[in-house]
Amino acid sequence: MNTGNITSLTCNNESVLASAPSMSFWREPTNNDMADNNAANYWENIGLDKLTRELSTVDYKQNDKYTVNIDVVSAYRNHRNEKLFDVIQTVVIYCTGDVIIDNQVMVSELVNNVPRVGMIFEVPKSFSAAQWFGLSGETYMDRKASGRYGTYKSSTANLSYVYETPQESGNHTDTRWMCLENDNVGIFFDALDSTFD
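Reading the values: the criteria
- Residues numbered from 1 in each chain as written.
- Predicted model: local features only at pLDDT ≥ 70, side-chain atom pairs only at ≥ 80, totals over all residues.
- Heavy atoms only, no water.
- Helix = DSSP H or I, 4+ residues; strand = E, 2+ residues; numbered from the N terminus.
- Rg over C-alpha atoms; globule rule 2.2 N^0.38 Å.
- Buried < 20%, exposed > 50% of the residue type's maximum accessible area, 1.4 Å probe, protein only.
- Lys, Arg positive; Asp, Glu negative; His and termini not counted.
- Charge placed at Lys NZ, Arg CZ, Asp CG, Glu CD.
- Phe/Tyr/Trp six-rings, centres within 6.5 Å; stacked < 30°, edge-to-face > 60°.
- Pairing = 2+ DSSP bridges.
- Axes fitted to C-alpha atoms, helices over the stretch in contact; angles between N-to-C directions.

**Student:** Hey, could you run me through the overall build of the chain in this one?
**Tutor:** Assigned secondary structure in the chain consists of two helices and twelve strands. Its C-alpha radius of gyration of 18 Å places the chain within 12% of the 16 Å reference for a compact globule of 197 residues. The proportion of buried residues among the 197 residues of the chain is 33%. Looking at charge distribution, the chain has the averaged site of its 15 positive side-chain charges lying 1 Å from that of its 26 negative ones.

In structure tokens:
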């Protein structure tokens, strides 16, 4: 835990994480991004695809017998050692197994735009079933009028299409919560006071 990362999370002696969750400021550029001088070329030039995390501090505190707080301060630097992001991450772990993660991201003046800000949660391959509350079908911020709110289920294999050249695929805008699971256990994601894609 001296890295400030959650390195394992288990339920009924089964791991629900395949790797430590991590911040991400990158996604593969699409054809539209390649044609936009302020997108793919800019992102790669400033080094958003090759950021290095620099851990500043990790503080642990047991609030009471039910909760533990972990505060992590990190900087993210590019290949020129320029600091592009500061992140203050607060993790609260409850005895119920709930884990609340709050990220405060400060963006350097060197950065004009970012392809994505979020976290990567890699789950075991056995988690092949998905369920979510949000819009039906594939929806995006500029194409969601046809989506209907409800609870939906799908296999993870059917949630996206693999294009030869990276393209946006399988997005679900305005998702309230999502669960990924296998036959025994699962992991539940909720943006609490917001929605996510």
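**Student:** Please clarify how the packing of aromatic side chains should be interpreted in this entry.
**Tutor:** One pair of aromatic rings is described through two measures. These are the centre distance and the angle between the planes. Enumeration according to the criterion identifies seven aromatic pairs in this entry. Between Trp26 and Trp43 the ring centres are 6.3 Å apart and the planes differ by 85 degrees, which places this aromatic pair in the edge-to-face class. Note that Trp26 is positioned in the loop between strand S3 (22-24) and helix H1 (31-35) and Trp43 in helix H2 (residues 40-46), a separation of 17 residues in sequence. Here Trp26 matches Trp43 in class, with each residue buried. Cluster of aromatic residues (ring-pair linked, three or more members): Phe25, Tyr76 and Phe85.

**Student:** What's the story with the sheet that holds strand S4 (residues 52-62) in this structure? I'm lost.
**Tutor:** Backbone hydrogen bonds are what pair the strands of a sheet, in a parallel or an antiparallel way. Strand order in the open sheet formed by four strands is S4-S5-S6-S7, and the pairing between neighbours is antiparallel. Edge strands, defined here as strands with exactly one partner in the open sheet, are S4 and strand S7 (99-107). Neighbour-to-neighbour, the strand axes of this sheet turn through a mean angle of 15 degrees, independent of strand direction. Taken together, the eleven bridges between strand S5 (residues 67-77) and strand S6 (residues 83-94) define a ladder with antiparallel strand orientation. Paired with Asn69 across the two strands is Val92, which belongs to S6.

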